[in-house]
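Coordinate inspection notes
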Amino acid sequence: MDPDYSAQDVARCDLCKTAIAQSYCDFCHVNLCKPCIGEHISDDYKKHVIVPIQQRKSTLIYPKCQTHKNEDCKYQCKDCNISICIDCLASKHHNKEHEFVKLEEVFNTKKEHIQSDTEELKNQILPVYEEIGNELEMQIASLDGEYKKLTIEMSKQRKEIHREVDNAINQMEKEIGEIKLKHHSLLQKHLDEIKQLQFLMQQTLLALNDIEESNEVSKTIHYSSKNEEFNKLPPKVVASMPKFILKQREREELCSLIGKLTPLSTTLEERVFTTKKPNTSLRELLDEPELLKTIKTGHKTLRSVTCLNVEQIWTSGLTDDIKCFNIQGVLQKTIKTKSWEPPNDIALDRDGALFYTYSWITRTVYKIKNDQTEAIITLQEWRPFHLCVTSSGDLLVTMFSDYETPSKVVRYSGSTVKQTIQFDDKGHPLYSGNTHFKYISENRNLDICVADNGAGAVVVVNQAGKLRFRYTGHPSPTKNKPFKPFGITTDSQSRILTADSDNHCIHILHSDGRFLHYIDNCGLKNPWGLCVDSNDSLFVCENWKGDVKKIRYSK
């Protein structure tokens, strides 16, 4: 379709600029209304080719002959590969044994080739490059997280080495204290010995003074000198101070103690081009969707439904029960949530493990497998609410903050954050603020689709988190309440289905955001959570009634 004349636009006359154009000049390539045709062809009516606007560009414009100036070249010489006119064919200037072909046939053949190339480029080659671009954008978006993990690992090593260094220094300080005590004891012992000798000398001096002043013969003649004993000095204690000998370390040696950082490794791997195959199992929308089954779940307030196959569905509401039903509506299993908390949302992975969120007290995402429940993600300042499992096995979680902060979508691999989607390229929030109803689904083309109830919009970003479009509802005389989407799901044709609870209907969108159809004829009352099984059967939660309706909407 010519983009200049799509269904939304009316072609206007290029001369008067106001009237609707009914005709087209195939020579000048201008739109014309009936009154302006005469003015347009007034200069040289012979050269103009006026056709109905529906047949625009249907008249071939041939090149002029270089030899016969007034003739159009309508033939091509296949031997010389030049365009020639009818006079060239009749004249002697061109070899009559050459093979000629009509330019119209060449034109039509080339047009077919161009159309084929256009289709191949648009539908097969370009989508491959878009996928490569999305993959690279996602890798770039995840760089901060990956390098942050690398820095955290190094910080842990830094703390460990600091701890070991502190322990080693503390041990050496302890040894210094022990050496000091030993040194002190040694010197103190020697000092005590000297003081003892000094005391003996003082006693001796007192005795000598007594003898000198005495006239007793006996004391004097029996005196024995101790000077010779005192002249023998005690040995000198020489204790050298211990020294701290610094060990010189080279930078390389220090780095080897910490660890080794491998360099960035890049290689070029040859890509094998595989074209995107067209979807051979095209499912067209039914004019009148059909109600196939109503399953009574017993939930007083039903919020979420999910399925892994065509055999059973899982449901949850505002109680601590997560219930599994077979397709006939028979209850197969009931699981009680941890701490008796009602789940905000539920999802299944390809192995049948069940995930659910609780945002009010524990702020946790739980995983149930083989009847064992474990907390895989626990948050502090954010509250996880709705979630879905992607085709690659990642977990997409919508979450909101206690503060005036825009909501966000976080991609997890296990419990590791791989990607955060919160703002567009201009830094504007993608999602409304701290409102919690934001159901989420991944499309077959890997787009991430969020039903943002607070914004009254379906917000779709590509795999790398770049905004593709916002859908804010479709005008309808029978839908008189504002569009406030709740549940959202996608099908095998990459169509997007979202629940318009206040207007009691489902909107079906094309993957590019165009409105396609309503589902509003199956007696739906307050539709909420949605899911689609592998046969593109739609399951709809009726919030207040507690029923799940199975609907066929495509063939």
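Residues numbered from 1 in each chain as written. Predicted model: local features only at pLDDT ≥ 70, side-chain atom pairs only at ≥ 80, totals over all residues. Heavy atoms only, no water.

As for its placement among the helices and strands, Cys-25 is situated in strand E1 (residues 23–25). Overall, Cys-25 belongs to the buried group, its relative accessible area being 0%. Separated by 27 residues in the primary sequence, Cys-25 and Pro-52 have C-alpha atoms spaced 8.7 Å apart. Leave out the neighbours within four places in its chain, and Cys-25 touches Val-30, Leu-32, His-40, His-48, Val-49 and Ile-50. (Helix = DSSP H or I, 4+ residues; strand = E, 2+ residues; numbered from the N terminus. Buried < 20%, exposed > 50% of the residue type's maximum accessible area, 1.4 Å probe, protein only. Contact = heavy atoms within 4.5 Å.)

Judged by pairing direction, the sheet is antiparallel, and its three strands sit side by side in the order E5-E4-E6 without closing on themselves. Either end of the sheet is taken by a strand with one partner, and the two such strands are strand E5 (82–84) and strand E6 (100–102). Averaged over all neighbouring strand pairs, the angle between strand axes comes to 35°, with direction disregarded. Pairing geometry for strand E4 (residues 75–77) and E6, over three bridges, is antiparallel. Bridge pairing in E6 links Tyr-75 to Lys-102. (Pairing = 2+ DSSP bridges. Axes fitted to C-alpha atoms, helices over the stretch in contact; angles between N-to-C directions.)

Take the nonpolar core next. Ranked by internal contacts, the top residues of the largest apolar core, which has 27 residues, are Ile-313, Ile-488, Ile-496 and Phe-539. Those elements giving two or more residues to this core turn out to be strand E8 (302–306), strand E21 (448–452), strand E22 (457–461), strand E23 (467–471), strand E24 (485–490), strand E28 (527–532) and strand E29 (537–542). Apart from residues lying up to four places away in sequence, Ile-313 is in contact with Ile-295, Val-305, Thr-306, Cys-307, Lys-323, Cys-324, Phe-325, Phe-539 and Val-548. One finds Ala-347, Trp-382, Leu-387 and Val-397 within the second-largest nonpolar core, a separate group that totals 14 residues. (Core = buried A, V, L, I, M, F, W, Y, C linked by side-chain atoms within 4.5 Å.)

Attention now moves to the sheet that holds E24. Hydrogen bonding along the main chain pairs the strands of a sheet, whether they run parallel or antiparallel. One open sheet accounts for four strands, arranged E24-E25-E26-E27; its pairing is antiparallel. Looking at the sheet topology across the chains shown, the edges are occupied by E24 and strand E27 (515–519). On average, each strand axis in the sheet is tilted by 25° relative to the strand beside it, whichever way the strands run.

With that out of the way, let us pick up unusual backbone geometry. In the Ramachandran plot, Asn-370 falls in the positive-phi region, its phi being about 55° despite a non-glycine side chain. With respect to the helices and strands, the residue Asn-370 is situated in the loop between strand E14 (364–369) and strand E15 (372–378). Classification of Asn-370 as exposed rests on a relative accessible area of 67%. At Asp-371, a position not held by glycine, the phi torsion is positive, near 65°. Looking at the element boundaries, Asp-371 is found in the loop between E14 and E15.

For the rest of this paragraph, the subject is the pairing of E23. Pairing of E22 with E23 involves four bridges; the strand directions are antiparallel. When the sheet's bridge partners are listed, Val-459 is paired in E23 with Arg-470. Joining the antiparallel neighbours E22 and E23 is a turn of five residues, in which Gly-465 adopts a positive phi near 95°.

On to the environment of Cys-36, then. Mapping Cys-36 onto the fold places it in helix H1 (residues 34–40). C-alpha of Cys-36 to C-alpha of Asp-14: the two residues are 22 residues apart in sequence and 9.2 Å apart in space. Contacts of Cys-36, omitting those with residues within four sequence positions, involve Cys-13, Leu-15 and Cys-16.

This part covers the pairing of E22. Among the five residues that make up E22, five are buried, leaving the element largely enclosed by the rest of the structure. The alternating pattern of E22 places Ala-457, Val-459 and Val-461 and Val-458 and Val-460 on opposite faces, both of which are buried. Pairing between E21 and E22: five bridges, direction antiparallel. In the strand pairing of E22, Ile-448 is matched with Val-461. In textbook terms, the turn of a hairpin is the stretch between consecutive antiparallel strands, and for E21 and E22 this stretch comprises four residues, one of which, Gly-456, has a positive phi near 65°.

This part covers the packing of aromatic side chains. What describes a pair of aromatic rings is the distance from one ring centre to the other and the angle between the planes of the rings. Under the definition given, this model contains eight aromatic pairs. Between the aromatic rings of Phe-437 and Phe-486, the centroid separation amounts to 5.5 Å while the plane-to-plane angle is 65°, which identifies the pairing as edge-to-face. With Phe-437 in the loop between strand E19 (416–421) and strand E20 (438–442) and Phe-486 in strand E24, this residue pair connects regions lying 49 residues apart in the sequence. With relative accessibility at 17%, the residue Phe-437 sits in the buried group. Judged by relative accessible area, which is 8%, Phe-486 ranks as buried. Judged by centre distance (5.5 Å) and plane angle (80°), the ring pair of Tyr-471 and Phe-483 falls under edge-to-face. Highlighted residues: Tyr-471 in strand E23 and Phe-483 in the loop between E23 and E24, separated in sequence by twelve residues. For Tyr-471, a relative accessible area of 4% puts it in the buried group. (Phe/Tyr/Trp six-rings, centres within 6.5 Å; stacked < 30°, edge-to-face > 60°.)

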